[in-house]
Amino acid sequence: MRILILGGTTEASDLASRLAADSRFEVVLSLAGRTAAPETPPVPFRIGGFGGSKRLASWLVAECMDAVVDATHPFAARISANAVQAVLSANIPLASIVRPAWQPQQGDRWTEVTSFLAAALALGASPRRVFLSVGRLELSAFADAAQHTFVARTIDPPGDLRLPPRISFVHDRGPFEVETEIRLLTQQHIDVVVSKNSGGAATYAKIEAARRLQIPVVMVARPSKPSLHIVADVSAAQSWLERRLALHDGSHSERGV
Ligand code: NAP
């Protein structure tokens, strides 16, 4: 059975690794190409956009895909919308891995906002030292908050983006540990953390570190993201694929294929 995994997340890599050794599945992992040097996937992969939902639908048909797993990041809303439209027009089943959002715990000091510009405003008028963990492409939203000093963690250098005047970078890729996050926030004298509500374990350590250090967090809520059959994690996606495989094999044997 041929599977397309829409990736760029730890879930996508985990699912690809689990299926790589299973000869019943032929997997293609698709990456957007946002990071300069992505980790080499354990399965055949392609990099770059498809050119919208219609072209994605044509690609799925041309590549004889039998199922799609949308394992993209909770903030990657456009590719999910395209995927839903494409599978509906190509009549191919799709499961969407939707990580539960993080919920505030006792001791957390969150201000919840619904956009990156609102996050910049929520930092207030007085100068603060801000740890930005929002991804490279969202940094421009903080360009006019010139009263603050920012430490931004990104995988790649920012490139040609509009940035706040006082910003330094830590280039690193998750998963992260709580103790190293505590060290980073302490050494950088951070007053406030800005984070996307990504959910999942890989980047949660900074939230726990902020709680332990009693540092406030400006938390950007996730956008609404189209989905079809929702599964909560990689194991559930794998079970869904097993069920699709049984149906797929059944329909092929009925047709004498
Ligand atoms: P997006 O806004 O939803 O997608 C923008 C365009 O990028 C899509 O229309 C599509 O182009 C292309 N694209 C996105 N994901 C793709 C994939 N897996 N394979 C092929 N093309 C893809 O997405 P984004 O927020 O820019 O994120 C890009 C990628 O980075 C996603 O794969 C996501 O899983 C990963 N990521 C995102 C974040 C985040 O915070 N946004 C964080 C971690 C990882 P076409 O229309 O031309 O097909």
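Summarised in this report is the structure supplied together with it. (Residues numbered from 1 in each chain as written. Predicted model: local features only at pLDDT ≥ 70, side-chain atom pairs only at ≥ 80, totals over all residues. Heavy atoms only, no water.)

What to know about the site of the ligand
Taken together, 22 residues sit near the ligand, with Gly7, Ser30, Phe50, Gly51 and Lys196 positioned nearest. The contact in question runs from an oxygen atom of the ligand to an N or O atom on the side chain of Asn82, over 3.2 Å. Contact with the protein chains hides 80% of the accessible area of the ligand, taken as 800 Å² for the molecule alone. Elements that contribute at least two residues to the shell around the ligand include exactly β2 (26-31) and α3 (77-90). At four residues, the largest contribution of residues to the shell around the ligand is made by α3. (Near = heavy atom within 4 Å. Polar contact = N/O pair within 3.5 Å; in protein donor to acceptor, adjacent residues only side chain to side chain. Areas by Shrake-Rupley, 256 points an atom, 1.4 Å probe, with all protein chains shown as cover. Helix = DSSP H or I, 4+ residues; strand = E, 2+ residues; numbered from the N terminus.)

With respect to the packing of aromatic side chains
Inspection of the entire model under this criterion finds four aromatic pairs. Look at Phe75 and Phe116: their rings are 6.0 Å apart centre to centre, the planes differ by 55 degrees, and that puts the pair in the tilted class. Here Phe75, found in the loop between β4 (67-70) and α3, pairs with Phe116, found in helix α4 (residues 116-122); they are 41 residues apart in sequence, far enough to count as distant. By the burial criterion, Phe75 is buried, and Phe116 matches it. The cationic tip of Arg46 hangs over the ring face of Trp59; the distance from NZ or CZ to the ring centre is 5.8 Å. (Phe/Tyr/Trp six-rings, centres within 6.5 Å; stacked < 30°, edge-to-face > 60°. Buried < 20%, exposed > 50% of the residue type's maximum accessible area, 1.4 Å probe, protein only. Lys NZ or Arg CZ within 6 Å of the ring centre and 35° of its normal.)

What to know about helix α2 (residues 53-62)
Taken as a whole, α2 has its buried residues at Ser53, Leu56, Ala57, Trp59 and Leu60. Down the axis of α2, the buried set is contained in an arc of 160 degrees. They therefore lie on one face. Turned more than 90 degrees away from the buried face of α2, the exposed residues are Lys54, Arg55, Val61 and Ala62. Of the surrounding secondary structure, the elements contacted by the buried residues of α2 are β1 (2-6), β2, β3 (45-47), β4 and α3. (Arc of directions from axis to C-beta. Contact = heavy atoms within 4.5 Å.)

Some points on the sheet that holds strand β7 (residues 129-133)
Strand order in the open sheet formed by six strands is β6-β11-β10-β7-β8-β9, with parallel pairing between adjacent strands. Of all strands in the sheet, those bounded by a partner on one side alone are β6 (110-113) and β9 (167-171). On average, each strand axis in the sheet is tilted by 20 degrees relative to the strand beside it, whichever way the strands run. (Pairing = 2+ DSSP bridges. Axes fitted to C-alpha atoms, helices over the stretch in contact; angles between N-to-C directions.)

Here we look at the nonpolar core
By size, the foremost hydrophobic cluster in this structure holds 23 residues, and its most contacted members are Ile3, Ile5, Leu15, Phe25, Val69 and Leu241. Broken down by secondary-structure element, the contributors of at least two residues to this core are β1, α1 (10-20), β2, β4, β5 (94-97) and α7 (234-254). When residues in this core are grouped by element, the largest group, five residues, is from α7. (Core = buried A, V, L, I, M, F, W, Y, C linked by side-chain atoms within 4.5 Å.)

So, the side chain of Ser133
Examined against the element boundaries, Ser133 turns out to sit in strand β7. In this structure Ser133 comes out as buried when scored by relative accessible area, which is 11%. At 3.0 Å, the side chain of Ser133 forms a polar contact with the side chain of Lys206. Residues in contact with Ser133, not counting those within four places in the same chain, are Arg153, Val194, Ser195, Lys196 and Lys206.

Everything listed is a geometric property; what it means functionally is a separate question.
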